[in-house]
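Letter by letter, the chains look like this.
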Amino acid sequence: MSNTKQNGSIIAIITMMFLYAMISFVTNLAAPIGVIWKSAFEGDNANTVGMLGNMMNFLAYLFMGIPAGKMLSKVGYKKTALIGIGIGFIGVLTQFCSGFFTDAKITGFVIYLLGAFISGFCVCMLNTVVNPMLNLLGGGGNRGNQLNLVGGTLNSLSGTLTPLFVGALIGEVTKNTSMVSVNPVLYIAMGVFALAFIILSFIPIQDPEMGKTGADTVYEHSPWTFRHFKLGVIAIFVYVGVEVGIPGTLIYYLSDVTGKGGGLDAKTATAIAGSVAATYWFLMLVGRFIGGFIADKISSKALMTCTTSIAMVLIALAMVLGKETTVSMPVFTGSSFEMQIVPVCALLLVLCGLCTSIMWASIFNLATEGLGKYTASASGIFMMMVVGGGIIPLFQNFVADQAGYLISYIVPFVCIAYMCFYAVAGSKNVNKDIPVE
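Owing to the predicted nature of the structure, the values given are computational and were not obtained by experimental measurement.

### What to know about the overall build of the chain
Looking only at helices and strands, the chain has 17 helices and 2 strands in total. A burial count over the chain gives 56% of its 437 residues as buried. Put simply, of all contacts in the chain between residues at least 6 apart along the chain, 82% involve residues at least 24 apart. When the accessible area of the chain is evaluated, it comes to approximately 18600 Å², of which 67% is carbon and sulfur surface.

What follows is the structure in C-alpha coordinates.
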(Lines give C-alpha, C1' and ligand atoms only; values in the text may rest on other atoms or scores of the structure.)
Protein backbone atom coordinates (compact mmCIF):
# COMPACT_ATOMS: atom_id res chain seq x y z
CA MET A 1 0.00 0.00 0.00
CA SER A 2 2.87 2.28 0.90
CA ASN A 3 4.66 1.41 -2.37
CA THR A 4 1.49 2.14 -4.36
CA LYS A 5 1.17 5.55 -2.73
CA GLN A 6 4.86 6.29 -3.36
CA ASN A 7 4.59 5.27 -7.02
CA GLY A 8 1.49 7.45 -7.39
CA SER A 9 3.39 10.40 -5.92
CA ILE A 10 6.27 9.88 -8.35
CA ILE A 11 3.87 9.83 -11.31
CA ALA A 12 2.16 12.96 -9.97
CA ILE A 13 5.50 14.72 -9.60
CA ILE A 14 6.49 13.83 -13.16
CA THR A 15 3.11 15.06 -14.40
CA MET A 16 3.56 18.38 -12.56
CA MET A 17 7.03 18.71 -14.09
CA PHE A 18 5.51 18.34 -17.55
CA LEU A 19 2.94 20.99 -16.67
CA TYR A 20 5.70 23.28 -15.42
CA ALA A 21 7.34 22.95 -18.81
CA MET A 22 4.00 23.41 -20.59
CA ILE A 23 3.46 26.76 -18.86
CA SER A 24 6.55 28.12 -20.57
CA PHE A 25 5.86 26.23 -23.81
CA VAL A 26 2.38 27.71 -24.27
CA THR A 27 3.49 31.20 -23.22
CA ASN A 28 6.50 31.27 -25.56
CA LEU A 29 4.51 30.13 -28.58
CA ALA A 30 3.10 33.65 -28.95
CA ALA A 31 6.19 35.55 -30.15
CA PRO A 32 7.37 33.17 -32.93
CA ILE A 33 3.78 32.55 -34.12
CA GLY A 34 3.33 36.32 -34.08
CA VAL A 35 5.91 36.53 -36.89
CA ILE A 36 3.41 34.76 -39.17
CA TRP A 37 0.60 37.23 -38.45
CA LYS A 38 3.01 40.18 -38.60
CA SER A 39 3.97 39.19 -42.15
CA ALA A 40 0.39 38.38 -43.15
CA PHE A 41 -0.88 41.87 -42.31
CA GLU A 42 2.29 43.83 -43.17
CA GLY A 43 1.67 47.61 -43.01
CA ASP A 44 2.96 50.28 -40.64
CA ASN A 45 1.64 48.59 -37.49
CA ALA A 46 2.65 45.02 -38.31
CA ASN A 47 4.76 44.56 -35.17
CA THR A 48 1.93 45.70 -32.93
CA VAL A 49 -0.43 43.28 -34.68
CA GLY A 50 2.08 40.44 -34.31
CA MET A 51 2.36 41.03 -30.57
CA LEU A 52 -1.42 40.97 -29.97
CA GLY A 53 -1.39 37.19 -29.43
CA ASN A 54 1.13 37.62 -26.64
CA MET A 55 -1.02 40.44 -25.25
CA MET A 56 -4.14 38.23 -25.17
CA ASN A 57 -2.22 35.43 -23.47
CA PHE A 58 -1.12 37.67 -20.62
CA LEU A 59 -4.37 39.65 -20.45
CA ALA A 60 -6.01 36.50 -19.10
CA TYR A 61 -3.96 36.86 -15.90
CA LEU A 62 -5.76 40.11 -15.11
CA PHE A 63 -9.10 38.31 -15.11
CA MET A 64 -8.02 34.94 -13.72
CA GLY A 65 -5.34 35.73 -11.13
CA ILE A 66 -7.57 36.03 -8.06
CA PRO A 67 -10.35 33.62 -9.24
CA ALA A 68 -7.71 30.92 -9.75
CA GLY A 69 -6.62 31.30 -6.13
CA LYS A 70 -10.23 31.11 -4.93
CA MET A 71 -10.84 28.03 -7.08
CA LEU A 72 -7.79 26.39 -5.53
CA SER A 73 -9.27 26.93 -2.05
CA LYS A 74 -12.76 25.77 -3.07
CA VAL A 75 -12.21 22.66 -5.23
CA GLY A 76 -8.62 21.74 -4.37
CA TYR A 77 -5.34 21.30 -6.22
CA LYS A 78 -6.23 18.33 -8.38
CA LYS A 79 -9.54 19.63 -9.76
CA THR A 80 -8.07 23.08 -10.39
CA ALA A 81 -5.17 21.48 -12.28
CA LEU A 82 -7.54 19.29 -14.31
CA ILE A 83 -9.73 22.28 -15.20
CA GLY A 84 -6.62 24.24 -16.18
CA ILE A 85 -5.33 21.40 -18.36
CA GLY A 86 -8.73 21.07 -20.06
CA ILE A 87 -8.84 24.80 -20.77
CA GLY A 88 -5.29 24.61 -22.11
CA PHE A 89 -6.29 21.88 -24.57
CA ILE A 90 -9.23 24.01 -25.78
CA GLY A 91 -6.96 27.05 -26.12
CA VAL A 92 -4.38 25.25 -28.26
CA LEU A 93 -7.14 23.58 -30.30
CA THR A 94 -8.65 27.00 -30.99
CA GLN A 95 -5.28 28.31 -32.20
CA PHE A 96 -4.99 25.22 -34.39
CA CYS A 97 -8.42 25.95 -35.92
CA SER A 98 -7.27 29.42 -36.98
CA GLY A 99 -5.10 27.74 -39.61
CA PHE A 100 -8.20 26.66 -41.55
CA PHE A 101 -8.97 30.28 -42.47
CA THR A 102 -6.10 30.95 -44.86
CA ASP A 103 -8.38 32.82 -47.27
CA ALA A 104 -10.00 34.91 -44.53
CA LYS A 105 -7.01 36.07 -42.54
CA ILE A 106 -8.95 38.50 -40.32
CA THR A 107 -11.30 35.70 -39.24
CA GLY A 108 -8.35 33.39 -38.69
CA PHE A 109 -6.52 36.05 -36.70
CA VAL A 110 -9.51 36.67 -34.44
CA ILE A 111 -9.80 32.92 -33.78
CA TYR A 112 -6.07 32.77 -33.03
CA LEU A 113 -6.39 35.66 -30.54
CA LEU A 114 -9.31 33.89 -28.87
CA GLY A 115 -7.18 30.75 -28.57
CA ALA A 116 -4.29 32.74 -27.09
CA PHE A 117 -6.66 34.29 -24.53
CA ILE A 118 -8.08 30.89 -23.55
CA SER A 119 -4.55 29.50 -23.26
CA GLY A 120 -3.74 32.39 -20.94
CA PHE A 121 -6.46 31.23 -18.54
CA CYS A 122 -4.85 27.80 -18.53
CA VAL A 123 -1.35 29.11 -17.85
CA CYS A 124 -2.58 31.34 -15.03
CA MET A 125 -4.40 28.44 -13.35
CA LEU A 126 -1.44 26.09 -13.72
CA ASN A 127 0.90 28.73 -12.31
CA THR A 128 -1.40 28.97 -9.29
CA VAL A 129 -1.44 25.18 -8.84
CA VAL A 130 1.96 23.77 -9.81
CA ASN A 131 4.21 25.48 -7.25
CA PRO A 132 2.17 24.59 -4.14
CA MET A 133 1.31 21.14 -5.53
CA LEU A 134 4.99 20.24 -6.01
CA ASN A 135 5.69 21.53 -2.52
CA LEU A 136 2.84 19.33 -1.22
CA LEU A 137 4.04 16.25 -3.11
CA GLY A 138 7.55 16.81 -1.81
CA GLY A 139 6.30 17.01 1.76
CA GLY A 140 7.25 20.68 2.12
CA GLY A 141 10.59 21.90 3.45
CA ASN A 142 13.80 21.41 1.48
CA ARG A 143 12.37 18.53 -0.57
CA GLY A 144 9.39 20.61 -1.70
CA ASN A 145 11.66 23.53 -2.56
CA GLN A 146 13.97 21.19 -4.47
CA LEU A 147 11.08 19.94 -6.63
CA ASN A 148 10.11 23.53 -7.43
CA LEU A 149 13.68 24.34 -8.42
CA VAL A 150 13.74 21.33 -10.76
CA GLY A 151 10.37 22.41 -12.16
CA GLY A 152 11.68 25.94 -12.67
CA THR A 153 14.65 24.57 -14.59
CA LEU A 154 12.33 22.57 -16.87
CA ASN A 155 10.25 25.71 -17.32
CA SER A 156 13.32 27.62 -18.50
CA LEU A 157 14.44 24.72 -20.71
CA SER A 158 11.03 24.66 -22.38
CA GLY A 159 11.25 28.43 -22.85
CA THR A 160 14.62 27.92 -24.54
CA LEU A 161 13.47 25.18 -26.92
CA THR A 162 10.11 26.66 -27.96
CA PRO A 163 11.32 29.63 -30.10
CA LEU A 164 14.14 27.43 -31.40
CA PHE A 165 11.75 24.67 -32.51
CA VAL A 166 8.98 26.94 -33.82
CA GLY A 167 11.42 29.17 -35.69
CA ALA A 168 12.92 26.14 -37.44
CA LEU A 169 9.45 24.81 -38.37
CA ILE A 170 8.24 28.10 -39.82
CA GLY A 171 11.31 28.62 -41.99
CA GLU A 172 11.17 31.50 -44.45
CA VAL A 173 8.17 33.70 -43.70
CA THR A 174 6.20 35.48 -46.40
CA LYS A 175 2.77 37.12 -46.39
CA ASN A 176 1.36 33.76 -47.56
CA THR A 177 2.78 31.75 -44.65
CA SER A 178 -0.05 30.36 -42.51
CA MET A 179 -0.58 28.81 -39.09
CA VAL A 180 -0.50 25.39 -40.75
CA SER A 181 3.32 25.54 -40.63
CA VAL A 182 3.28 25.25 -36.83
CA ASN A 183 0.70 22.44 -36.68
CA PRO A 184 3.29 19.87 -35.47
CA VAL A 185 3.95 22.05 -32.40
CA LEU A 186 0.24 22.40 -31.69
CA TYR A 187 -0.25 18.64 -32.09
CA ILE A 188 2.45 18.06 -29.47
CA ALA A 189 0.88 20.62 -27.13
CA MET A 190 -2.59 19.07 -27.40
CA GLY A 191 -1.13 15.59 -26.96
CA VAL A 192 0.72 16.53 -23.78
CA PHE A 193 -2.35 18.27 -22.35
CA ALA A 194 -4.54 15.24 -23.10
CA LEU A 195 -2.00 12.81 -21.64
CA ALA A 196 -1.50 14.95 -18.52
CA PHE A 197 -5.29 15.14 -18.01
CA ILE A 198 -5.69 11.35 -18.25
CA ILE A 199 -2.75 10.58 -15.95
CA LEU A 200 -3.69 13.16 -13.34
CA SER A 201 -7.31 11.90 -13.31
CA PHE A 202 -6.16 8.55 -11.92
CA ILE A 203 -3.66 9.88 -9.37
CA PRO A 204 -4.99 10.38 -5.82
CA ILE A 205 -3.76 13.72 -4.50
CA GLN A 206 -4.72 14.79 -1.01
CA ASP A 207 -5.14 18.52 -0.51
CA PRO A 208 -3.61 20.18 2.54
CA GLU A 209 -5.83 21.29 5.36
CA MET A 210 -7.42 24.48 4.08
CA GLY A 211 -9.15 25.70 7.21
CA LYS A 212 -9.95 29.37 7.52
CA THR A 213 -7.77 31.35 5.19
CA GLY A 214 -7.36 34.98 4.29
CA ALA A 215 -10.36 34.69 1.99
CA ASP A 216 -12.61 34.09 5.03
CA THR A 217 -10.99 36.53 7.42
CA VAL A 218 -11.53 40.28 7.52
CA TYR A 219 -8.35 42.14 8.41
CA GLU A 220 -7.98 45.72 9.51
CA HIS A 221 -5.50 46.44 6.73
CA SER A 222 -4.50 44.98 3.36
CA PRO A 223 -1.29 44.62 1.35
CA TRP A 224 -2.13 47.97 -0.27
CA THR A 225 -1.50 49.65 3.08
CA PHE A 226 2.23 49.03 2.62
CA ARG A 227 4.12 51.51 0.43
CA HIS A 228 6.87 49.05 -0.52
CA PHE A 229 4.25 46.55 -1.66
CA LYS A 230 2.46 49.08 -3.89
CA LEU A 231 5.75 50.05 -5.52
CA GLY A 232 6.60 46.33 -5.80
CA VAL A 233 3.37 45.67 -7.71
CA ILE A 234 4.51 48.19 -10.31
CA ALA A 235 7.95 46.54 -10.36
CA ILE A 236 6.43 43.09 -11.02
CA PHE A 237 4.21 44.55 -13.75
CA VAL A 238 7.11 46.12 -15.64
CA TYR A 239 9.43 43.17 -14.95
CA VAL A 240 7.26 40.63 -16.75
CA GLY A 241 6.97 43.10 -19.62
CA VAL A 242 10.76 43.38 -19.81
CA GLU A 243 11.27 39.61 -19.60
CA VAL A 244 8.90 39.00 -22.51
CA GLY A 245 9.52 42.18 -24.51
CA ILE A 246 13.30 41.88 -24.92
CA PRO A 247 13.35 38.49 -26.71
CA GLY A 248 9.91 38.92 -28.32
CA THR A 249 10.84 42.16 -30.10
CA LEU A 250 14.26 40.72 -30.92
CA ILE A 251 12.57 37.90 -32.86
CA TYR A 252 10.67 40.45 -34.95
CA TYR A 253 13.80 42.54 -35.49
CA LEU A 254 16.02 39.68 -36.67
CA SER A 255 13.32 38.02 -38.79
CA ASP A 256 12.48 41.30 -40.57
CA VAL A 257 14.16 41.23 -43.98
CA THR A 258 12.64 44.45 -45.32
CA GLY A 259 15.67 46.56 -44.43
CA LYS A 260 14.34 47.68 -41.07
CA GLY A 261 15.56 44.50 -39.39
CA GLY A 262 18.91 42.94 -38.64
CA GLY A 263 19.94 42.37 -42.25
CA LEU A 264 19.85 38.56 -42.18
CA ASP A 265 19.24 36.27 -45.14
CA ALA A 266 15.51 35.83 -45.83
CA LYS A 267 15.73 32.01 -46.03
CA THR A 268 17.18 31.55 -42.55
CA ALA A 269 16.22 34.79 -40.77
CA THR A 270 13.24 33.33 -38.86
CA ALA A 271 15.17 30.24 -37.73
CA ILE A 272 18.13 32.36 -36.62
CA ALA A 273 15.82 34.82 -34.86
CA GLY A 274 14.21 31.96 -32.93
CA SER A 275 17.62 30.56 -32.04
CA VAL A 276 18.94 33.89 -30.81
CA ALA A 277 15.81 34.41 -28.70
CA ALA A 278 16.23 30.87 -27.36
CA THR A 279 19.69 31.88 -26.18
CA TYR A 280 18.06 34.56 -24.04
CA TRP A 281 15.83 31.96 -22.33
CA PHE A 282 18.80 29.61 -21.96
CA LEU A 283 20.76 32.35 -20.18
CA MET A 284 17.74 32.85 -17.90
CA LEU A 285 18.02 29.15 -17.07
CA VAL A 286 21.73 29.60 -16.31
CA GLY A 287 21.03 32.67 -14.23
CA ARG A 288 18.39 30.90 -12.15
CA PHE A 289 20.70 27.95 -11.62
CA ILE A 290 23.52 30.21 -10.41
CA GLY A 291 21.08 32.31 -8.40
CA GLY A 292 20.04 29.22 -6.46
CA PHE A 293 23.56 28.96 -5.08
CA ILE A 294 24.18 32.62 -4.23
CA ALA A 295 20.73 33.87 -3.19
CA ASP A 296 21.30 32.85 0.43
CA LYS A 297 24.56 34.81 0.55
CA ILE A 298 23.57 38.01 -1.27
CA SER A 299 20.51 40.08 -0.41
CA SER A 300 17.66 40.52 -2.90
CA LYS A 301 18.30 44.26 -2.80
CA ALA A 302 21.95 43.83 -3.77
CA LEU A 303 21.09 41.31 -6.52
CA MET A 304 18.44 43.62 -7.98
CA THR A 305 20.66 46.69 -7.84
CA CYS A 306 23.52 44.88 -9.58
CA THR A 307 21.51 43.11 -12.29
CA THR A 308 19.33 46.10 -13.18
CA SER A 309 22.42 48.30 -13.52
CA ILE A 310 24.11 45.78 -15.82
CA ALA A 311 20.93 45.32 -17.87
CA MET A 312 20.63 49.08 -18.45
CA VAL A 313 24.22 49.21 -19.68
CA LEU A 314 23.61 46.27 -22.06
CA ILE A 315 20.44 47.81 -23.52
CA ALA A 316 22.05 51.24 -23.89
CA LEU A 317 25.01 49.69 -25.75
CA ALA A 318 22.66 47.68 -27.98
CA MET A 319 20.75 50.82 -28.94
CA VAL A 320 23.94 52.81 -29.63
CA LEU A 321 25.87 50.14 -31.56
CA GLY A 322 22.83 49.11 -33.63
CA LYS A 323 23.25 46.67 -36.47
CA GLU A 324 26.32 48.28 -38.00
CA THR A 325 28.60 46.35 -35.66
CA THR A 326 28.34 42.57 -36.02
CA VAL A 327 29.49 39.56 -34.06
CA SER A 328 29.62 35.81 -34.63
CA MET A 329 27.56 33.55 -32.34
CA PRO A 330 26.34 29.94 -32.46
CA VAL A 331 22.74 29.68 -33.72
CA PHE A 332 20.42 26.98 -35.05
CA THR A 333 19.75 27.64 -38.73
CA GLY A 334 16.95 25.10 -39.08
CA SER A 335 19.12 22.07 -39.83
CA SER A 336 22.23 22.43 -37.66
CA PHE A 337 24.10 24.68 -35.27
CA GLU A 338 26.44 27.07 -37.03
CA MET A 339 28.36 30.22 -36.27
CA GLN A 340 26.39 33.07 -37.79
CA ILE A 341 27.07 36.77 -38.14
CA VAL A 342 24.42 38.77 -36.28
CA PRO A 343 24.21 42.39 -35.15
CA VAL A 344 26.12 42.87 -31.89
CA CYS A 345 22.96 44.39 -30.41
CA ALA A 346 21.38 40.92 -30.57
CA LEU A 347 24.16 39.44 -28.43
CA LEU A 348 23.96 42.31 -25.94
CA LEU A 349 20.19 41.93 -25.61
CA VAL A 350 20.25 38.17 -25.05
CA LEU A 351 22.83 38.69 -22.29
CA CYS A 352 20.06 40.55 -20.46
CA GLY A 353 18.59 37.09 -19.80
CA LEU A 354 21.25 36.56 -17.13
CA CYS A 355 20.03 39.73 -15.43
CA THR A 356 16.28 39.16 -15.68
CA SER A 357 16.57 35.59 -14.40
CA ILE A 358 16.67 36.59 -10.72
CA MET A 359 14.34 39.60 -10.82
CA TRP A 360 10.95 37.96 -10.19
CA ALA A 361 12.07 36.21 -7.01
CA SER A 362 13.98 39.27 -5.79
CA ILE A 363 11.06 41.64 -6.34
CA PHE A 364 8.65 39.20 -4.70
CA ASN A 365 10.91 38.89 -1.65
CA LEU A 366 11.38 42.64 -1.32
CA ALA A 367 7.69 43.46 -1.84
CA THR A 368 6.34 40.87 0.63
CA GLU A 369 8.93 41.39 3.34
CA GLY A 370 7.17 42.34 6.57
CA LEU A 371 3.65 41.64 5.25
CA GLY A 372 3.01 38.67 7.54
CA LYS A 373 -0.62 37.58 7.31
CA TYR A 374 -1.16 39.78 4.25
CA THR A 375 1.32 37.78 2.13
CA ALA A 376 -1.32 35.39 0.70
CA SER A 377 -3.43 38.29 -0.59
CA ALA A 378 -0.28 39.91 -1.99
CA SER A 379 0.52 36.76 -3.98
CA GLY A 380 -2.86 36.87 -5.72
CA ILE A 381 -2.32 40.49 -6.68
CA PHE A 382 1.12 39.66 -8.05
CA MET A 383 -0.43 36.98 -10.25
CA MET A 384 -2.74 39.60 -11.75
CA MET A 385 0.22 41.87 -12.48
CA VAL A 386 1.67 39.28 -14.85
CA VAL A 387 -0.57 41.07 -17.37
CA GLY A 388 2.40 43.41 -17.78
CA GLY A 389 3.91 40.69 -19.98
CA GLY A 390 1.22 41.53 -22.53
CA ILE A 391 0.91 45.31 -22.18
CA ILE A 392 4.58 46.36 -22.06
CA PRO A 393 5.70 44.32 -25.14
CA LEU A 394 2.64 45.54 -27.06
CA PHE A 395 3.59 49.14 -26.29
CA GLN A 396 7.23 48.42 -27.15
CA ASN A 397 6.22 47.10 -30.57
CA PHE A 398 3.97 50.10 -31.13
CA VAL A 399 7.09 52.23 -30.58
CA ALA A 400 8.99 49.90 -32.94
CA ASP A 401 6.39 50.52 -35.65
CA GLN A 402 6.69 54.28 -35.23
CA ALA A 403 10.40 54.81 -34.53
CA GLY A 404 12.28 51.57 -35.27
CA TYR A 405 13.16 48.34 -33.46
CA LEU A 406 16.23 49.49 -31.55
CA ILE A 407 14.64 52.76 -30.46
CA SER A 408 11.79 50.71 -28.98
CA TYR A 409 14.21 49.28 -26.41
CA ILE A 410 13.90 52.57 -24.56
CA VAL A 411 10.72 50.99 -23.15
CA PRO A 412 12.45 48.09 -21.30
CA PHE A 413 15.30 50.48 -20.41
CA VAL A 414 12.90 52.79 -18.55
CA CYS A 415 11.19 49.78 -16.93
CA ILE A 416 14.52 48.43 -15.68
CA ALA A 417 15.48 51.91 -14.43
CA TYR A 418 12.31 51.84 -12.32
CA MET A 419 13.21 48.40 -10.95
CA CYS A 420 16.66 49.74 -10.04
CA PHE A 421 14.99 52.60 -8.16
CA TYR A 422 12.74 50.09 -6.41
CA ALA A 423 15.71 48.00 -5.30
CA VAL A 424 17.66 51.00 -4.03
CA ALA A 425 14.90 53.05 -2.38
CA GLY A 426 11.35 51.89 -3.12
CA SER A 427 11.62 48.53 -1.37
CA LYS A 428 12.15 50.00 2.09
CA ASN A 429 9.32 49.11 4.45
CA VAL A 430 8.16 52.40 5.96
CA ASN A 431 5.02 50.85 7.52
CA LYS A 432 6.65 48.70 10.20
CA ASP A 433 4.24 50.03 12.80
CA ILE A 434 1.34 48.08 11.21
CA PRO A 435 0.72 44.74 13.04
CA VAL A 436 1.06 41.74 10.70
CA GLU A 437 0.84 38.78 13.10
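### Notes on the packing of helix H16 (residues 388–403) against helix H17 (residues 410–426)
Contact geometry of H16 with H17 gives a least axis separation of 9 Å together with a crossing angle of 140 degrees. It follows from the interaxial angle that H16 and H17 lie oblique. Between H16 and H17, the contacting residues are Ile392, Phe395, Gln396 and Val399 on the first element and Val411, Pro412 and Cys415 on the second. Split into classes, the residues belonging to the contact of H16 with H17 amount to 6 nonpolar, 1 polar and no charged.

### Some remarks on a nonpolar patch on the surface
Together, Val313, Leu317, Val320 and Leu321 make up an exposed nonpolar region whose accessible area comes to about 350 Å². In this structure, Val320 sits in helix H11 (residues 300–321).

### Some points on empty space enclosed by the protein
Tallied over the entire structure, the rule returns 2 cavities of 30 Å³ or more. By volume, the second largest cavity is sized at about 30 Å³. Of the residues in the lining of the second largest cavity, the class split is 4 nonpolar, 2 polar and no charged.

### Digging into the nonpolar core
Where a protein is soluble and globular, its nonpolar side chains tend to be buried together. Membership of the largest hydrophobic core comes to 134 residues, with the highest contact counts inside it found for Leu250, Val276 and Met419. For Leu250, the contacting residues outside a window of four places in its chain are Val276, Ala346, Leu349, Val350 and Tyr409.

### Focus on the packing of aromatic side chains
Aromatic rings in a pair are described by how distant their centres are and how their planes are angled relative to each other. Applying the stated rule across the entire model yields 15 aromatic pairs. Note on Trp37 and Tyr112: the rings are 5.7 Å apart at their centroids and 25 degrees apart in plane angle, and the pair reads as stacked. Here Tyr112 lies in helix H6 (residues 105–137) and Trp37 lies in helix H2 (residues 30–41), a separation of 75 residues in the sequence. An aromatic cluster is present here, built from Trp224, Phe229, Phe364 and Phe382 joined pairwise through their rings.

### Here we look at a positive patch on the surface
On the surface, a cluster of positive charge is made up of Arg227, Lys301, Lys428 and Lys432. Looking at the element boundaries, Lys301 is found in helix H11.

### Here's the deal with the environment of Ser377
Mapped onto the fold, Ser377 is located in helix H15 (residues 375–384). Residues Ser377 and Pro223, 154 residues apart in the sequence, show an inter-C-alpha distance of 7.0 Å.

### Description of the side chain of Ser98
You can see Ser98 is positioned in the loop between helix H5 (77–97) and H6. In this structure Ser98 comes out as buried when scored by relative accessible area, which is 2%. Only 2.5 Å separates the side chain of Ser98 from the backbone oxygen of Gln95, close enough to count as a polar contact. Contacts of Ser98, omitting those with residues within four sequence positions, involve Trp37, Gly108, Ile111, Tyr112 and Met179.

### A word on helix H14 (residues 359–368)
Listing the buried residues of H14 in full gives Met359, Ser362, Ile363, Leu366, Ala367 and Thr368. One or two steps after H14, the chain reaches Gly370, where phi turns positive at roughly 85 degrees.

### With respect to the packing of H5 against helix H8 (residues 183–201)
To describe two helices that pack against each other, one gives the angle between their axes and the distance between the axes. For the pair H5 and H8, the least separation of the axes is 9 Å and the interaxial angle reads 160 degrees. Considered as vectors, H5 and H8 are oriented roughly antiparallel to each other. Of the two elements, H5 crosses H8, and the hand of that crossing is left-handed. In this structure, H5 contributes Lys78, Ala81, Leu82, Ile85, Gly86, Gly88, Phe89, Val92, Leu93, Gln95 and Phe96 to the contact, and H8 contributes Asn183, Leu186, Tyr187, Ala189, Met190, Phe193, Ala194, Ala196, Phe197, Leu200 and Ser201. Looking at the contact of H5 with H8, its residues break down into 16 nonpolar, 5 polar and 1 charged.

### Some points on the confidence of the model for the chain
Overall, the predicted model of the chain reaches an average pLDDT of 80, with 83% of residues at or above 70. In the model of the chain, helix H7 (residues 141–170) stands out as the element of lowest mean pLDDT, 68, in contrast to H17, which has the highest, 96.

How each quantity is defined
- Residues numbered from 1 in each chain as written.
- Predicted model: local features only at pLDDT ≥ 70, side-chain atom pairs only at ≥ 80, totals over all residues.
- Heavy atoms only, no water.
- Helix = DSSP H or I, 4+ residues; strand = E, 2+ residues; numbered from the N terminus.
- Buried < 20%, exposed > 50% of the residue type's maximum accessible area, 1.4 Å probe, protein only.
- Contact = heavy atoms within 4.5 Å.
- Areas by Shrake-Rupley, 256 points an atom, 1.4 Å probe, with all protein chains shown as cover.
- Axes fitted to C-alpha atoms, helices over the stretch in contact; angles between N-to-C directions.
- Parallel < 35°, antiparallel > 145°, perpendicular 65-115°, else oblique.
- Nonpolar A, V, L, I, M, F, W, Y, C, P; charged D, E, K, R; others polar.
- Patch = residues over 30% accessible without salt bridge, like charges linked within 9 Å, V, L, I, M, F, W, Y side chains within 5 Å.
- Salt bridge = Lys/Arg side-chain N within 4 Å of Asp/Glu carboxyl O.
- 1 Å grid on protein atoms, 1.4 Å probe; cavity = no way out; pocket = protein on both sides within 12 Å on 5 of 7 lines; lining within 4 Å.
- Points joined across faces, edges and corners; volume = space filled by probe spheres on them.
- Core = buried A, V, L, I, M, F, W, Y, C linked by side-chain atoms within 4.5 Å.
- Phe/Tyr/Trp six-rings, centres within 6.5 Å; stacked < 30°, edge-to-face > 60°.
- Lys, Arg positive; Asp, Glu negative; His and termini not counted.
- Charge placed at Lys NZ, Arg CZ, Asp CG, Glu CD.
- Polar contact = N/O pair within 3.5 Å; in protein donor to acceptor, adjacent residues only side chain to side chain.
- Left-handed = near helix turned anticlockwise from the far one by under 90°.
- pLDDT = per-residue confidence, 0-100.

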